[in-house]
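This is what each chain is made of:
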Protein chains: 2
Amino acid sequence: MAPRKKDVEPLDRERIVEAAMTIIDDEGLEALSMRRLGAALGVNPMAAYYHVPNKAALYDLVLEAVMSGVDLSAIDPAAPLADRLKQGARAYRTAILAHPRAIPVLASRSLRTAAALRPVEPLLGILFEAGLTATETVAAVDCLAQYILGVCVGYYHHTVDEETNVQREFDELDPAEFPNVSRMVAEGRYAGAEAEFEFGLDAFARGLLGGPRMSLEATS
Amino acid sequence: MAPRKKDVEPLDRERIVEAAMTIIDDEGLEALSMRRLGAALGVNPMAAYYHVPNKAALYDLVLEAVMSGVDLSAIDPAAPLADRLKQGARAYRTAILAHPRAIPVLASRSLRTAAALRPVEPLLGILFEAGLTATETVAAVDCLAQYILGVCVGYYHHTVDEETNVQREFDELDPAEFPNVSRMVAEGRYAGAEAEFEFGLDAFARGLLGGPRMSLEATS
DNA sequence: TGACTCATGCTACACCGTATAGTAAGTTAC
DNA sequence: GTAACTTACTATACGGTGTAGCATGAGTCA
């Protein structure tokens, strides 16, 4: 009928990714198909392909959108090194949890893209100032990012995804086969996603900054 | 023509998951379709559905197969606590890297299934002995597992997946926008996946076992 | 007015997971 | 021996997916 509608702003990447994020947030990741996307934009399913080469590229835009939400402005420049590192890590996680249903997308893309690296930039400076070598700084940030991603993926399965969060708890395991798990469940409690994240982050930061570290320089 | 072929062993879950693992290892994860699986087994695509309810369940079997490869027998019971913890973590990672192309499956399933928890059992004992509370033990193992998973996902994108491992390196970023990244690349080097894993593992273990930890008991 | 480009619509293809139904071989009961 | 039943498959088909290829109308510029 009418390609190139008159008096209508043409599509652009920004509106496309905006619609995609809305679909993911409201209806879940599996609802995001090119047809559904076109419908949300009031447009033919193929229209998006003029602006985005394929669906993988759309996922990259989603990653970029999530990562652009990282707000490192709250890092207190006067705070001790370990605190600044933790604040950065929290900002990272907070941004990801702002779009919980997009988490599998993050796990499916490389984190060494410009979009994912941008919020990491300041953290590199923090660690380098702390006296780590360049190689160690890269390693530390890599490890930290991977820890955060792992935590978020765990959060997704435990809290977000309806398929994986039900009926898979510790407590329904066979106590004979899992004596220690059963014991932990009986004697302890689940501290919660946030508390566990902080627990691991604290350990990681102290291990990194609190004393002598493993050397990476001797490695071949 | 001939349902229930004569003189032929009927299918079972074991043969199905074996075929699935072969396809994943040889041709990659995206090659694993129910049709391809049927072909590999010399059988109609729908035949597998008699033994496995759906594809998600097939992925669960893949997760189980990978996790069953975790070999904790190498842990030296006489070694210091931190070493035993590290040995356990390495065994976990080694098993996962034995099937690198299956890594996205692991990231897509919950790790709180029996299959994923089985190799974790002994680690719980190690940490509990170390003097952590039950709650802290659970948190520590959760964090460690999430770190390992994150590291493996990173390994996948950096080393395994052909779509994400090319042209996405640090060094092709704009030095003006990424001064710290550029500096790290210039002054340091990439220590390698294994070295970075060990670096983070060492930090994590020392943070967990090497001194006063953050308390989880005060949390509401 | 006519050529050119832009942004979109339309159709179609190959592939996917899987619901449903049919059917041959093996097992059991009488 | 044969009929009923169960087991383990085959065959067909449906609705969904990403996307290649082509058509088409609007806007811009000569």
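These numbers come from a predicted model, not from an experiment. (Residues numbered from 1 in each chain as written. Chains lettered and ligands numbered in written order. Predicted model: local features only at pLDDT ≥ 70, side-chain atom pairs only at ≥ 80, totals over all residues. Heavy atoms only, no water.)

Examining the relation of the copies chain A and chain B
Then comes step 1: Rotating chain A by 180° and moving it 0.0 Å along the rotation axis overlays it on chain B with an RMSD of 0.1 Å. Between the two chains, the operation in question is that of a two-fold axis.
Then comes step 2: Most of the interface of chain A is mirrored in chain B, where 100% of its interface residues are also at the interface. (Least-squares fit on C-alpha atoms with pLDDT ≥ 70 in both. Contact = heavy atoms within 4.5 Å.)

Focus on the side chain of E121 of chain A
Then comes step 1: Tracing the chain through its elements places E121 of chain A in helix α7 (residues 121-129).
Then comes step 2: One buried charged side chain, E121 of chain A, makes no salt bridge at all; its nearest oppositely charged neighbour is R183 of chain B, positioned 9.2 Å away. (Helix = DSSP H or I, 4+ residues; strand = E, 2+ residues; numbered from the N terminus. Buried < 20%, exposed > 50% of the residue type's maximum accessible area, 1.4 Å probe, protein only. Lys, Arg positive; Asp, Glu negative; His and termini not counted. Salt bridge = Lys/Arg side-chain N within 4 Å of Asp/Glu carboxyl O.)

Observations concerning the domain arrangement of chain A
Residues and elements named next belong to chain A.
Then comes step 1: In terms of domains, chain A is made up of domain 1 (13-52) and domain 2 (81-209).
Then comes step 2: Once you take the C-alpha centre of each, domain 1 and domain 2 turn out to be 29 Å apart.
Then comes step 3: Facing seven residues of domain 1, the contacting portion of domain 2 comprises five residues.
Then comes step 4: Where domain 1 abuts domain 2, roughly 510 Å² becomes buried across the two surfaces, and 61% of that area is made up of carbon and sulfur atoms.
Then comes step 5: In terms of surface lost to domain 2, no three residues of domain 1 exceed I24, D25 and L29, which account for 69% of the buried area on that side.
Then comes step 6: On the surface where domain 1 and domain 2 come into contact, there are zero salt bridges.
Then comes step 7: In this structure, the connection of domain 1 to domain 2 is made through three residue pairs in polar contact (both at pLDDT 80 or more).
Then comes step 8: Grouping the amino acids of the side of domain 1 that touches domain 2 by side-chain chemistry returns three nonpolar, one polar and three charged. (Domains from an automatic or database assignment. Buried area = accessible area lost by both parts, 1.4 Å probe. Polar contact = N/O pair within 3.5 Å; in protein donor to acceptor, adjacent residues only side chain to side chain. Nonpolar A, V, L, I, M, F, W, Y, C, P; charged D, E, K, R; others polar.)

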